Amino acid sequence: MSEALIVVTLLLVAASATVAVVQRDPARQALVLSVLGVVLAALFTVLQAPDVGLSQLAVGAALTPLLIMLSVRRIRRRRSPDEDGTR
């Protein structure tokens, strides 16, 4: 049972990492990166490293995608024209 669970989580990690690489929109990449962080945290928990899993949840699934989304928002706001039509 344990080996099957490890294989399933490894397949989920591979699939979510592939989807993150294939995405072209940075906002979608950040969302998929968050999913990847949750799946990696599950993998670490299955591999009996719950402390690493909790760290992965905090950093990989929450903080990093949040910083990416804030950066994308700031860049898009700078590119959009103001009310008077100038940049």
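Colleague: So what exactly am I meant to see when it comes to the overall build of the protein chain here?
Modeller: Along the backbone of the protein chain there are 3 helices and 0 strands. Going from the N terminus to the C terminus, the protein chain shows its helices and strands as α-α-α. Its C-alpha atoms give the protein chain a radius of gyration of 17 Å, clearly above 12 Å, the size a compact globule of 87 residues would have. Projected onto its principal axes, the C-alpha positions of the protein chain cover 65 × 25 × 10 Å. Counting only residues that meet the buried cut, the protein chain has 23% of its 87 residues in that class.

Colleague: Honestly, the environment of Pro-65 in this entry has me stumped. Any pointers?
Modeller: Tracing the sequence through the fold places Pro-65 in helix 3 (residues 50-79). Excluding its chain neighbours within four sequence positions, the residues that come into contact with Pro-65 are Ala-30, Leu-33, Ser-34, Val-59 and Gly-60.

Colleague: Can you help me understand helix 1 (residues 2-22) in this one?
Modeller: Think of an α-helix as turning once every 3.6 residues; residues three or four places apart then point the same way. In this model helix 1 runs 30 Å from its N-terminal to its C-terminal C-alpha over 21 residues, within 8% of the 30 Å that 1.5 Å per residue would give. What helix 1 keeps buried is the set Thr-9, Val-13, Ser-16 and Ala-20. Angularly, the buried residues of helix 1 cover 75° about the axis, an arc narrow enough to put them on a single face. Facing away from the buried side of helix 1, by more than 90 degrees, are the exposed residues Glu-3, Leu-11, Val-21 and Val-22.

Colleague: Would you explain the packing of helix 1 against helix 2 (residues 26-46) in this entry?
Modeller: The relative placement of two packed helices comes down to the angle between their axes together with the axis-to-axis distance. Where helix 1 contacts helix 2, the two axes come as close as 9 Å, and the packing angle between them is 165°. When the axis of helix 1 is compared with that of helix 2, the two are roughly antiparallel. Seen from above, helix 1 lies across helix 2 with left-handed handedness. For the pair helix 1 and helix 2, contact is made by Leu-5, Ile-6, Thr-9, Leu-10, Leu-12, Val-13, Ser-16, Ala-17, Val-19, Ala-20 and Val-21 and by Gln-29, Val-32, Leu-36, Val-39, Leu-40, Leu-43 and Val-46, respectively. Taken together, the residues of the contact of helix 1 with helix 2 sort by class into 15 nonpolar, 3 polar and no charged.

About the thresholds
- Residues numbered from 1 in each chain as written.
- Predicted model: local features only at pLDDT ≥ 70, side-chain atom pairs only at ≥ 80, totals over all residues.
- Heavy atoms only, no water.
- Helix = DSSP H or I, 4+ residues; strand = E, 2+ residues; numbered from the N terminus.
- Rg over C-alpha atoms; globule rule 2.2 N^0.38 Å.
- Buried < 20%, exposed > 50% of the residue type's maximum accessible area, 1.4 Å probe, protein only.
- Contact = heavy atoms within 4.5 Å.
- Expected span 1.5 Å × (residues − 1).
- Arc of directions from axis to C-beta.
- Axes fitted to C-alpha atoms, helices over the stretch in contact; angles between N-to-C directions.
- Parallel < 35°, antiparallel > 145°, perpendicular 65-115°, else oblique.
- Left-handed = near helix turned anticlockwise from the far one by under 90°.
- Nonpolar A, V, L, I, M, F, W, Y, C, P; charged D, E, K, R; others polar.

So, to be careful, I would describe these as geometric facts and stop short of saying anything about function.
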